[in-house]
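Summary of structural features
Listed here are the chains, written in short residue letters.
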Amino acid sequence: MTVSPAAGRLWLPYAQMQTAPAPLVARWTDGARIGLEDGRVLIDGIASWWTACHGYNHPHIRAAVSAQLERMPHVMLGGLVHEPALRLAERLSALLPGDLGRVFFAESGSVSVEVAIKMAVQYWLNRGQRGRTKLIAFRGGYHGDTLATMAVCDPEEGMHSLFSGVLPQHHIVDLPCDPASEAALDALLAERRGEVAAILAEPLVQGAGGMVFHDEAVLRSLRRLADRHGVLLILDEIFTGFGRTGTMFACEAAGIVPDIVTLSKALTGGTMALSAAVAREAVFEAFLSDDPMRALMHGPTFMGNPLACAAANASLDLFELEDRLAQVAAIGDQLRAELEPCRALPGVRDVRVRGAIGVVQLDRFPALTPLKQALAAEGVWVRPFRDVVYLTPCFTIGESEVSVLTGAIRRVLRSAF
Ligand SMILES: *Cc1c(COP(=O)(O)O)cnc(C)c1O
């Protein structure tokens, strides 16, 4: 049995440790660049799983985290609060649409989705409705890797058959992108609403499930169906939140307000682990009672970590000080122009862009290792998965850096097929 010595004693994510090629050793980051131990410098096309929206090592975030580190790196949020968390919750509630304004912090995206699920299920229990334990989620969706979130992912992505017996059963159906699937969802809700707590979806873009887009009308349809049948709507904005799709939050583009929204990824500008499940007032109020059993019994040890909250506050400062959404629009235009020629290449099925997300979809699942290696040899950090080669760069990336990324993708795909 062999394992690449470059991995040391690390067990790496999503990797067959016996056959995975040696991981690259990162030494420094700056802006849209990653410096490697061997002296090479890569232009980063994916911003570390689309988290580093202001580029790496932004001086404003670094200063805020350093100052917080001097004062108080961490204190528990149980029974204690602190200025960075209070301020961040206030700012998130002001930024989010409608009355989304009760902020529960956690430390990873998956956990915030789990918290949102618990909120939805207990919301109905607290209102005296037992048996509402099912979620309706969608094919192609991705909500995390923990057991409860696997169960609401796409059945294949969530490995539902491999883990059968461990995962709870929910309804995983087609997004209502056409009248037939909308009617099917309507019928399912009519039949099962008594056992459904909430509809859960990624708005506008299904990210890690394959970078598939849908339009605003689909979100309006979800809101309408949730209202018609009296179930909650949870939108997972962990990928789409903070400008990625062109508006600060994807739900704004559709003019709808979910009952609970989950945030993470770019929340701290990609510097610290932090997430949040944010509920509307009516959800929060269902937990108010003189009965302690009606409280939300959840509390990750590092929830609302002051360093992470300081980073998130600094990230929000940057959205106020610099016109990130204009940068997103400009990146989108450039990606559209420079990726479009890929459409003519053999082996390419689709090219699509939304906000600062560029996707080239192939007509088959290629051998990923040689593709990744060819991209790295071009001096870019791009991580194709399944049948997609995608770009989600930082919003501060330069025009010439975007051209390096798109040029590398065009060249590699031209020689690959
Ligand atoms: C990344 C992601 C998650 C999971 O977040 P983790 O921090 O990896 O647990 C959940 N939902 C969406 C939409 C994501 O993109």
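Looking at an unreviewed UniProt entry, one finds the chain named Adenosylmethionine-8-amino-7-oxononanoate aminotransferase and attributed to Endosaccharibacter trunci. A UniProt comment under Function (unreviewed entry) is attached to the chain, and it reads "Catalyzes the transfer of the alpha-amino group from S-adenosyl-L-methionine (SAM) to 7-keto-8-aminopelargonic acid (KAPA) to form 7,8-diaminopelargonic acid (DAPA). It is the only aminotransferase known to utilize SAM as an amino donor." Quoted verbatim from the Pathway (unreviewed entry) field of UniProt, the annotation for the chain is "Cofactor biosynthesis; biotin biosynthesis; 7,8-diaminononanoate from 8-amino-7-oxononanoate (SAM route): step 1/1."

This part is about the overall build of the chain. Counting its regular elements, the chain contains 13 helices and 16 strands. For the chain, whose C-alpha radius of gyration is 21 Å, the value lies close to the compact-globule estimate of 22 Å for 417 residues. Taken along the three principal axes of its C-alpha coordinates, the chain extends 65 × 55 × 50 Å. Put simply, the chain has 417 residues, and 52% of those count as buried. In the chain, the share of contacts with a sequence separation of at least 24, taken over all contacts with a separation of at least 6, comes to 70%. Only carbon and sulfur atoms are counted for the fraction: they give 56% of the accessible area of the chain, which is about 18300 Å². Looking at the chain, you have 38 positive and 45 negative side-chain charges, and the mean spots of the two groups are 3 Å apart.

The full set of residues close to the ligand is Trp-50, Ser-108, Gly-109, Ser-110, Tyr-142, His-143, Gly-144, Glu-202, Asp-236, Ile-238, Phe-239 and Lys-265. Within the side chain of Ser-110, an N or O atom sits 2.5 Å from an oxygen atom of the ligand. Lys-265 places a polar side-chain atom, nitrogen or oxygen, 2.8 Å from an oxygen atom of the ligand. Here the ligand loses 83% of its free accessible area of 380 Å² to cover by the protein chains. Considered class by class, the residues forming the shell around the ligand number four nonpolar, five polar and three charged.

As annotated by UniProt and renumbered to match this structure, "binding site: pyridoxal 5'-phosphate" (unreviewed entry) occupies Gly-109, Ser-110, Asp-236, Pro-300 and Thr-301. Residues from the named set that contribute to the lining of the second largest pocket are Pro-300 and Thr-301. With respect to the helices and strands, Gly-109 occurs in helix α4 (residues 109-126). Judged by relative accessible area, which is 13%, Gly-109 ranks as buried. The contact partners of Gly-109, leaving out residues within four places of it in the chain, are Ile-238, Ser-264 and Ser-275. Relative to the elements of secondary structure, Thr-301 occurs in the loop between α9 (281-285) and α10 (306-321). Judged by relative accessible area, which is 59%, Thr-301 ranks as exposed.

This brings us to the environment of Pro-384. Among the structural elements, Pro-384 can be located in the loop between β15 (380-381) and β16 (388-391). In the structure, Pro-384 is positioned 25 residues away from Val-359 in sequence and 9.8 Å away in space, judged by C-alpha atoms. Setting aside residues no more than four positions away along its own chain, Pro-384 makes contact with Leu-368, Leu-371, Lys-372, Leu-375 and Val-389.

Another point: unusual backbone geometry. Here Tyr-14, not a glycine, exhibits a phi torsion of approximately 50 degrees, which is positive. Note that Tyr-14 resides in the segment before β1 (26-30). The backbone of Trp-49 sits at a positive phi, close to 55 degrees, despite the residue not being glycine. Secondary-structure assignment places Trp-49 in helix α1 (residues 47-50). On the accessibility criterion, Trp-49 (47% relative accessible area) is partly exposed.

Here we come to the sheet that holds β16. Spatial strand order, β13-β14-β16: three strands in an open sheet with antiparallel pairing. Edge positions in the sheet fall to β13 (348-354) and β16, since each has one partner strand and no second. Averaged over all pairs of adjacent strands, the angle between their axes in this sheet comes to 10 degrees, without regard to strand direction. As defined by bridge partners, strand β14 (residues 357-362) adjoins β16 across four bridges and the pair is classed as antiparallel. If you follow Val-359 over to β16, its bridge partner there is Tyr-390. Along the sheet face, helix α13 (residues 399-416) touches β13, β14 and β16 and points at about 165 degrees away from the line of β16.

A few words now on empty space enclosed by the protein. Gaps left between atoms are located by rolling a probe of water-molecule size over the structure's atoms. As enumerated under the stated definition, the model contains one cavity of 30 Å³ or more in all. A volume near 40 Å³ is recorded for the largest cavity. Lining the largest cavity are Val-3, Ser-4, Ala-7, Leu-12, Met-17, Ala-20, Pro-21 and Pro-23. A per-class count over the lining of the largest cavity returns seven nonpolar, one polar and no charged.

Criteria and thresholds
- Residues numbered from 1 in each chain as written.
- Predicted model: local features only at pLDDT ≥ 70, side-chain atom pairs only at ≥ 80, totals over all residues.
- Heavy atoms only, no water.
- UniProt positions renumbered as here; feature names shortened; annotations may be inferred.
- Helix = DSSP H or I, 4+ residues; strand = E, 2+ residues; numbered from the N terminus.
- Rg over C-alpha atoms; globule rule 2.2 N^0.38 Å.
- Buried < 20%, exposed > 50% of the residue type's maximum accessible area, 1.4 Å probe, protein only.
- Contact = heavy atoms within 4.5 Å.
- Areas by Shrake-Rupley, 256 points an atom, 1.4 Å probe, with all protein chains shown as cover.
- Lys, Arg positive; Asp, Glu negative; His and termini not counted.
- Charge placed at Lys NZ, Arg CZ, Asp CG, Glu CD.
- Near = heavy atom within 4 Å.
- Polar contact = N/O pair within 3.5 Å; in protein donor to acceptor, adjacent residues only side chain to side chain.
- Nonpolar A, V, L, I, M, F, W, Y, C, P; charged D, E, K, R; others polar.
- 1 Å grid on protein atoms, 1.4 Å probe; cavity = no way out; pocket = protein on both sides within 12 Å on 5 of 7 lines; lining within 4 Å.
- Pairing = 2+ DSSP bridges.
- Axes fitted to C-alpha atoms, helices over the stretch in contact; angles between N-to-C directions.
- Points joined across faces, edges and corners; volume = space filled by probe spheres on them.

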